[in-house]
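One-letter residues, chain by chain:
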Amino acid sequence: MTNESGKGGGGSTGARSARTRTTRDEGRSTDLDPTDLEGVADELYGLLPGEFVAARDARAAQARKAGGRDLADRIRALRRPTVSAWASNLLVRERADQVEPLVDLGRALRHAHQELDGERLRELSRRRHALVTALASLARQLAADAGQPVGEQARREVETTLHAVLADQDAAERWAAGRLARPLSPPVGFTAARAAAPAPTSGPVPAGRTGRAGRKSEAATVGDLDEARRRRAGRRREEQRRAELARAREAARAAEREVTSLTGRLRRAEAERDRAQAAWEETDRRAADLRQRLEETEEQRRTARREVDDTRSRAREAERAVREARRTARDAATVVERLAADGP
């Protein structure tokens, strides 16, 4: 089987699926780098399921011989694909041009489901049913051409994988890598994909019966959209109410924090006020003491001034008395001298 380049869908997912792979018809290359886990995995999952184990063990031995014990263990851990997983991988490898259309349809379906767009969902569901059926048949034909018949159970598993690709982006990327070991399942809760997914049966299901069941499931799904819209509107109202309640509670908590902060600031301001009041009262008391002492000192100064004035007055009187006494003494001395001169 040879790998064809992607003819349609130039997106990143298609690009991954369109890379060159070593194939069974080209033979297992002996110069493949055994240390390249990606390359080894690409080679192994391109082989028929019956060839997988022997080739895997050979590559693991090569890696171990090259000194890559950890890589050898990782190669040996690669699981042999089931027939349905191999057929799904084969579809990606052989018809890379079909990857992106299916992935794009999955995106559109998921969007319509999220938006509860019933009309769009009906249109896309018809396209999905046709595309999944066609791709599953193509995978079955490619497998038969490669020498590996695919039974009805495996075909249904291929369809289930394709529905998973439509339902989940991660599943789409895993499928587009072309290295599935097991079939994929749609995620629980994706109604659009689940509604048309084929239910397992013990034998082949006639195409007409499958189509009628799918259409009935689709009709039931679309018929539930009104109820889903009501539930969704109710959920939105409840979410809005809860959001408003959460905002109100947060506002209340913020107000409480502000009150606590302001209360602390008030208490600090009151404490500062009390300290300032006490300081003012102490200063006023000291000023009163100083005023009293000043008055006492002023009185003492006035008393001292009066004493000075009195002392000066007495001193002046004493000076006059002294001068008078000196005159009297001089006069007496003159008399004495005159009397002495008049003596015998």
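Here is what the cut-offs are and how they apply
Residues numbered from 1 in each chain as written. Predicted model: local features only at pLDDT ≥ 70, side-chain atom pairs only at ≥ 80, totals over all residues. Heavy atoms only, no water. Helix = DSSP H or I, 4+ residues; strand = E, 2+ residues; numbered from the N terminus. Buried < 20%, exposed > 50% of the residue type's maximum accessible area, 1.4 Å probe, protein only. Contact = heavy atoms within 4.5 Å. Areas by Shrake-Rupley, 256 points an atom, 1.4 Å probe, with all protein chains shown as cover. Patch = residues over 30% accessible without salt bridge, like charges linked within 9 Å, V, L, I, M, F, W, Y side chains within 5 Å. Salt bridge = Lys/Arg side-chain N within 4 Å of Asp/Glu carboxyl O. Lys, Arg positive; Asp, Glu negative; His and termini not counted. Charge placed at Lys NZ, Arg CZ, Asp CG, Glu CD. Core = buried A, V, L, I, M, F, W, Y, C linked by side-chain atoms within 4.5 Å. Phe/Tyr/Trp six-rings, centres within 6.5 Å; stacked < 30°, edge-to-face > 60°. pLDDT = per-residue confidence, 0-100. Axes fitted to C-alpha atoms, helices over the stretch in contact; angles between N-to-C directions. Parallel < 35°, antiparallel > 145°, perpendicular 65-115°, else oblique. Nonpolar A, V, L, I, M, F, W, Y, C, P; charged D, E, K, R; others polar.

**Q** Just to check I follow, could you spell out the overall build of the chain for this structure?
**A** Tallying secondary structure elements over the chain gives 12 helices and 0 strands in all. Shown N-terminal to C-terminal, the secondary structure of the chain runs as helices and strands in the order α-α-α-α-α-α-α-α-α-α-α-α. Here the chain holds 344 residues, and the buried ones make up 32% of them. Sequence-distant contacts, at least 24 apart, represent 69% of the contacts inside the chain between residues at least 6 apart. Accessible surface, the chain as shown: approximately 21,300 Å² in total, 51% of it carbon and sulfur.

**Q** Honestly, a positive patch on the surface in this entry has me stumped. Any pointers?
**A** A surface patch of like charges, here positive, comprises R312, R316, R320 and R323. In this fold, R320 is placed in helix α12 (residues 225–341). Overall, the relative accessible area of 44% leaves R320 in the partly exposed class.

**Q** Whenever I open this one, the pattern of salt bridges confuses me. Can you help?
**A** When charged atoms on two side chains of opposite charge get close, those side chains can pair. Taken as a whole and judged by the stated rule, the model has 26 salt bridges. The partner of R241 in a salt bridge is E238, and the shortest N-O contact between them spans 2.7 Å. With R241 and E238 both in helix α12, this residue pair falls 3 residues apart, about one helical turn. Put simply, R140, E152, R155, R156 and E159 are held in one network by salt bridges that share partners.

**Q** I would appreciate a short explanation of the nonpolar core in the present structure.
**A** Nonpolar side chains tend toward joint burial in soluble globular proteins. Counting 37 residues, the largest nonpolar core has W86, L91, L102, L162 and W175 as its most contacted members. Mapped onto this core, the elements with two or more residues apiece are α5 (83–94), α6 (99–115), α7 (118–145), α8 (152–167) and α9 (169–176). Broken down by element, this core gets its largest block of residues, 9 residues, from α7. Once residues within four sequence positions are removed from consideration, L102 is found in contact with L131, L135, L162, V165, L166 and W175. A41, A63, I75 and A181 belong to the second-largest nonpolar core, a separate cluster that totals 15 residues.

**Q** Explanation requested: the packing of aromatic side chains in the structure shown.
**A** Two aromatic rings are characterised by how far apart their centres lie and by the angle between their planes. Tallied over the full model, the rule gives 1 aromatic pair. Between the aromatic rings of Y45 and F52, the centroid separation amounts to 5.1 Å while the plane-to-plane angle is 50°, which identifies the pairing as tilted. In this pair, the class of Y45 matches that of F52, namely buried.

**Q** Would you mind going over the side chain of T161 with me for this structure?
**A** Along the chain, the position of T161 falls in helix α8. Ignoring sequence-local partners within four residues, the contact set of T161 consists of S88, W175, L180, P183 and L184.

**Q** Would you take a moment to explain the confidence of the model for the chain for this structure?
**A** It should be kept in mind that the predicted coordinates are not to be read in detail where pLDDT is low. For the chain, per-residue confidence averages 79 on the pLDDT scale, and residues scoring 70 or more make up 76% of the total. When pLDDT is averaged over each helix and strand of the chain, the minimum, 40, is found for helix α10 (residues 191–196) and the maximum, 95, for α5. Considering only residues more than four positions removed or in separate chains, one finds that residues 1–30, a stretch of pLDDT under 50, has 77 contacts. Between residues 191–215, whose pLDDT stays under 50, and residues either more than four places distant or in other chains, the model counts 31 contacts.

**Q** Help me out: how do you make sense of the packing of α6 against α8 in this one?
**A** Between two packed helices, what matters for the description is the angle formed by their axes and the separation of those axes. Look at α6 against α8: their axes get within 7 Å of each other, and the N-to-C directions meet at 60°. Taken as axis vectors, α6 and α8 run oblique relative to one another. Seen from α6, the contacting residues are L102, L105, G106, L109 and R110; seen from α8, they are L162, V165, L166 and A167. For the contact of α6 with α8, a count of residues per class yields 7 nonpolar, 1 polar and 1 charged.

**Q** I'm lost on the environment of Q148 in this one. Help?
**A** By the element assignment, Q148 lies in the loop between α7 and α8. Sequence separation of Q148 and P49 is 99 residues, and the distance between their C-alpha atoms is 8.5 Å. With near-sequence residues (within four places) excluded, Q148 lies in contact with L48, P49, V83, W86 and A143.

**Q** I would appreciate a short explanation of the packing of α5 against α7 in the present structure.
**A** Interaxial distance between α5 and α7 falls to 9 Å at its minimum, and their mutual angle equals 95°. Classed by the angle they form, the pair α5 and α7 counts as roughly perpendicular. Residues W86, A87, L90, L91 and E94 of α5 form the contact with α7, whose own contacting residues are L135, L138, A139, L142 and A143. Split into classes, the residues belonging to the contact of α5 with α7 amount to 9 nonpolar, no polar and 1 charged.

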